[in-house]
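Each chain is listed here by its residues.
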Amino acid sequence: MSAQPVPPQDSAAHDVAAASAPERNVVTEAPAGEVVLKITDLCVRFPSDEGPVNAVQDLTYEARLGRTLAIVGESGSGKSVSSMAVLGLHNPKRSTITGSILLDGNEIVGADESLLRRLRSNTAAMIFQDPLSALHPFYKVGSQIAEAYLAHNSVSKDIAAKRAVEMLELVGIPNPARRAKQYPHEFSGGMRQRAMIALGLVNNPKLLIADEPTTALDVTVQAQILDLVKDLQREFGSAVILITHDLGVVAEVSDDILVMYAGRAVERGLAKEVLARPQHPYTHALLQSLPSASEDSDQLQTIKGSPPSLVHLPSGCSFHPRCMVKDRVPGDPCATLLPELRVSSPGRQIRCHLTNPESVLDQEVVS
Amino acid sequence: MLIYIARRALMAVSVLLVVLVATFLLFFAGPSDPAQAMCGELRCTPQRLEDIRRSLGTDRPVAEQFTEYFKGLAVGREIYVSGAPRTCSAPCLGFSFRTGIEVKEALATRFPNTAMLALMTMAIFLTVGISTGVLAARRRGTALDRGVVGFSQVFGSIPSYILGLLFALYTTVLYPILPRYANRSDGLGPWFVGLIAPAIILGLIYATGYVRYARASMVDTLNQDYVRTARSKGISEQKVVYRHALRAALSPVVTILGLDMAGLLSGTLVTEHIFGVDGIGKFAIESLRNDDLPIIMGTVLIGCVLVVVMNLIVDIAYSFLDPRVRLS
Ligand SMILES: Nc1ncnc2c1ncn2[C@@H]1O[C@H](COP(=O)(O)OP(=O)(O)O)[C@@H](O)[C@H]1O
Ligand SMILES: [Mg+2]
């Protein structure tokens, strides 16, 4: 394999992942902890002038306490849209959502505003990509965190303000009391993202969704932020969904992985296994295009073509126009028949017509 | 913060100086002879023309006039009116050529009328304009939104004198439901209620603009990431809209508000005339008709000063609204 992922540097995380996957080859849906989020057949559609935008289709996955699920895929594949749906953040008048999202036993699809308000931040919180635009420029960082605490706890403003300072300290911001009184633009990028994490965790949610939390940061800060998320997860035992298009990040911090393409899940499984032996041609291509530290990085391949329009999806498998192994499937169903997400090996699901994906993809690397 | 304000104030003062020089040049160093213009054509005797030149000081070299003019503004001066010297205290704007009243005083008695009308107008267009704009932004794309935008566009493009005349005709003449303008000397109560009619129509005309500014600004901020963050905290939608989105949406509106207020405070020519409000605008038009140059110059100067001052106020207001401005 040319795209062997970087091994986790933190041995503790390694152990956690290994412990939850007792036997490498006979992994079933390795359970650890209670299911906090169960998404079933989720579809999210937006109206547009050209026709409905199918941002997410037939998406099914779950997130468990104490585990990190990575959702990966090129930009525009529906990662943000699907996770924003978990908090009910899509305007019901400008979107159509079907399927089921069970968050801590509560149905989110079609839920009324008061239920959503109770669950937001309290049960599930979200951290967004660019902390500069995600924090309000006109309010002090401390008060923005306190506001979320006040929304769910009947305490005085003073106590909420103290809580905000505690949270800033928890996420490793030096001088938290002084920092709480500053505005977001007075923070550095990394500090801002820490503040966002403090905001996300202020109500101790069972689920934390981090939407590309490190994309806007430089590399050294990225690692610090990921370590922080991992440490906090170990401390609070919450479920984490980590959205990223950086597979290097996935290898380091995730237990499970979900690969999305054009709004659909194309591969699911344990992160380590999927990264080591991808079974879907898209996952394989993503790994090939990973600028890894290995010596063959000059042979970096990018995936040919561009993601399809979500208004006019290709017939059959959405990936077939870019798939380099579609001619290896007997009977040529790729252009006409949409593959179901099916169990391909224990603990692994793929949406692909290939019957022997691993051997086909192994040959692909050699050629 | 203080440094920011001091810097802005310094800038305002220098702009003010430029404005003073420009006004002076416009009136006294232009190609036309103001004395000739004021003298009229039929009644103008050489003696009268000479008198006017002397009282205006245009018989002296421009540089001398210039220092005299600024001395008047800064510390006061003596001006010859009909051959006799009169003291004109600082800031000296001269004497009305028609009535002999000091320009400063004439403006000062009328300014409160214009200012009250401006404030009442502002109260109306801000409440009506912003609340309607926010409503349209929250329902954007719906029939309500399209209706609001369409109506404000049509209503806003009708010339204001037509709307003013019709409104005055219907509310104070044909169906006298609103009282007519009364002077301040008749009591503050009647004076205030007499300004309601012009304030309503002027406020509604201005509101058509504010509906659109507020809507556009809100549509923008409602789509911002920080509004999504706010919503994801589990706070009420009211707080999301007002505390988070509207707070940010107001900054750009403040700039336009500053300029509009400078315009309103320097007198609304047509509306004051239609409703008989004895304000700066009506006064300016009358002076124009009478070739009363010192007063025309005074009203122009006031307008310019107001623009500079309102801009300074906008800058200061900005620094209170946006901490990024305050701390940079
Ligand atoms: N409110 C919306 N209206 C219309 N289209 C949208 C909306 N939000 C997202 N989309 C579209 O849905 C697709 C998926 O977006 P997103 O989930 O943000 O992708 P990513 O995987 O990069 O996070 C994109 O093509 C985007 O343009
Ligand atoms: Mg995204």
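What counts and what doesn't
Residues numbered from 1 in each chain as written. Chains lettered and ligands numbered in written order. Predicted model: local features only at pLDDT ≥ 70, side-chain atom pairs only at ≥ 80, totals over all residues. Heavy atoms only, no water. Helix = DSSP H or I, 4+ residues; strand = E, 2+ residues; numbered from the N terminus. Contact = heavy atoms within 4.5 Å. 1 Å grid on protein atoms, 1.4 Å probe; cavity = no way out; pocket = protein on both sides within 12 Å on 5 of 7 lines; lining within 4 Å. Points joined across faces, edges and corners; volume = space filled by probe spheres on them. Near = heavy atom within 4 Å. Polar contact = N/O pair within 3.5 Å; in protein donor to acceptor, adjacent residues only side chain to side chain. Areas by Shrake-Rupley, 256 points an atom, 1.4 Å probe, with all protein chains shown as cover. UniProt positions renumbered as here; feature names shortened; annotations may be inferred. Salt bridge = Lys/Arg side-chain N within 4 Å of Asp/Glu carboxyl O. Buried < 20%, exposed > 50% of the residue type's maximum accessible area, 1.4 Å probe, protein only. Domains from an automatic or database assignment. Axes fitted to C-alpha atoms, helices over the stretch in contact; angles between N-to-C directions. Parallel < 35°, antiparallel > 145°, perpendicular 65-115°, else oblique. Left-handed = near helix turned anticlockwise from the far one by under 90°. Buried area = accessible area lost by both parts, 1.4 Å probe. Phe/Tyr/Trp six-rings, centres within 6.5 Å; stacked < 30°, edge-to-face > 60°. Lys NZ or Arg CZ within 6 Å of the ring centre and 35° of its normal. Disulfide = S-S within 2.5 Å. Pairing = 2+ DSSP bridges.

Let's shift gears to the overall build of chain A. Helix and strand counts for chain A come out as 13 helices and 12 strands. The contacts in chain A between residues at least 6 apart in sequence include a share of 68% that link residues at least 24 apart.

Our next topic: the layout of surface pockets. For the largest pocket, the calculated volume is near 1200 Å³. Lining the largest pocket we find 34 residues, and of these Leu89, His90, Asn91 and Pro92 of chain A together with Arg231 of chain B sit closest to its centre. At the level of secondary structure, the elements contributing two or more residues to the lining of the largest pocket comprise α2 (79-86), β4 (96-103) and α3 (113-119) of chain A together with α5 (103-138) and α10 (225-231) of chain B.

What follows covers the site of ligand 1. Residues and elements named next belong to chain A. Taken together, Phe46, Ala55, Glu74, Ser75, Gly76, Ser77, Gly78, Lys79, Ser80, Val81 and Leu310 make up all the residues around ligand 1. At 2.9 Å, a backbone N or O of Lys79 approaches an oxygen atom of ligand 1. Taking Ser80, its side chain carries an N or O atom lying 2.6 Å from an oxygen atom of ligand 1. When the free accessible area of ligand 1 is taken as 560 Å², the share hidden by the protein chains comes to 61%. With 3 residues, the single largest contributor to the shell around ligand 1 is α2.

On to the UniProt feature "transmembrane region" (unreviewed entry) in chain B, then. Residue and element names in this part refer to chain B. The feature "transmembrane region" (unreviewed entry), as annotated in UniProt, sits at residues 115-137, 158-178, 190-211, 253-275 and 295-321 in this numbering. Helix makes up 71% of residues 158-178 and strand makes up 0%, while its end C-alpha atoms are separated by 23 Å. End-to-end, the C-alpha atoms of residues 253-275 are 29 Å apart, and along that stretch the chain is 87% helix and 0% strand.

Turning next to the pattern of salt bridges. The final tally for this structure, using the stated rule, is 26 salt bridges over all chains. Between Glu147 of chain A and Lys233 of chain B there is a salt bridge; the shortest N-O distance is 2.7 Å. Taken together, the positions of Glu147 of chain A in helix α5 (residues 141-152) and Lys233 of chain B in the loop between α10 and α11 (237-265) put the pair across two chains. Judged by relative accessible area, which is 3%, Lys233 of chain B ranks as buried. Residue Arg324 of chain B is joined to Asp322 of chain B by a salt bridge in which the shortest nitrogen-to-oxygen separation is 3.1 Å. We classify Asp322 of chain B as buried; its relative accessible area is 7%. A network of salt bridges, in which partner residues are shared, links Glu34, Asp104 and Lys206 of chain A.

Let us now look at the domain arrangement of chain B. Domain assignment breaks chain B into domain 1 (32-92) and domain 2 (107-327). Using C-alpha coordinates to define each centre, domain 1 of chain B is positioned 38 Å away from domain 2 of chain B.

A few words on empty space enclosed by the protein. All names here are of chain A. Scanning the entire structure with this criterion turns up 6 cavities of 30 Å³ or more. Put simply, the largest cavity is a space of about 90 Å³. Looking at the largest cavity, it is lined by 14 residues, and the ones nearest its centre are Pro281, Cys317, Cys323, Cys334 and Cys352.

Let's shift gears to the packing of α5 of chain B against helix α14 (residues 293-321) of chain B. Residue and element names in this part refer to chain B. Where α5 contacts α14, the two axes come as close as 10 Å, and the packing angle between them is 55°. Regarding the angle of α5 to α14, the classification is oblique. Crossing of α5 over α14 shows right-handed handedness. Counted together, Val103, Leu107 and Phe111 of α5 and Pro294, Ile295, Gly298, Thr299, Ile302 and Leu306 of α14 form the full contact between these two elements.

So, on to the interface of chain A and chain B. At the junction of the two partners, chain A supplies 26 residues and chain B supplies 23 residues. Roughly 2500 Å² is buried in total at the junction of chain A and chain B, and carbon and sulfur atoms are behind 57% of that figure. In this structure, the connection of chain A to chain B is made through 2 salt bridges. Put simply, chain A and chain B have 12 residue pairs in polar contact (both at pLDDT 80 or more) between them. Contributions of two or more residues to the side of chain A that touches chain B are made by α3, α4 (131-134), α5 and α8 (189-201) of chain A.

Time to look at the packing of aromatic side chains. A complete count under the given rule lists 12 aromatic pairs over all chains for this structure. Summarising the aromatic geometry, the rings of Phe151 of chain B and Phe155 of chain B are spaced 5.5 Å apart at their centres and angled 15° between planes, so their arrangement reads as stacked. Residue Phe151 of chain B and its partner Phe155 of chain B are both found in helix α6 (residues 143-157); the two are separated by 4 residues, about one turn of the helix. With a relative accessible area of 17%, Phe155 of chain B lands in the buried category. An aromatic cluster of three or more residues is present, and its members are Phe24, Phe66, Tyr69 and Phe70 of chain B. The ring of Trp191 of chain B carries Arg184 of chain B above its face, with NZ or CZ at 5.9 Å from the centroid. A cation over a ring is seen here: Arg247 of chain B above Tyr139 of chain A, with NZ or CZ 5.3 Å from the ring centre.

What follows concerns the state of the cysteines. On inspection of all chains with the given rule, the structure shows 1 disulfide over all chains. Here Cys88 of chain B pairs with Cys92 of chain B through a disulfide, and the sulfurs are 2.1 Å apart. Across the disulfide from Cys88 of chain B to Cys92 of chain B, rotation about the S-S bond amounts to roughly 105°, and the bridge is consequently right-handed. In this pair, the class of Cys88 of chain B matches that of Cys92 of chain B, namely buried. Looking at the unpaired Cys323 of chain A, the closest cysteine sulfur is the one in Cys334 of chain A, lying at 6.1 Å. Residue classification places Cys323 of chain A among the buried residues on the basis of a relative accessible area of 13%.

A word on the sheet that holds strand β12 (residues 348-350) of chain A. Residue and element names in this part refer to chain A. A sheet is described by the order of its strands in space; here 8 strands give the open sequence β6-β7-β8-β3-β9-β10-β12-β11, paired in mixed fashion. Because the sheet does not close on itself, it has two edges, and the strands there are β6 (124-127) and β11 (342-345). Each strand of the sheet is rotated relative to its neighbour by a mean of 25°, with strand direction disregarded. Its contacts with the sheet place α2 against β3 (68-72), β6, β7 (207-211), β8 (239-244) and β9 (256-261), and it is angled at close to 155° to β7.

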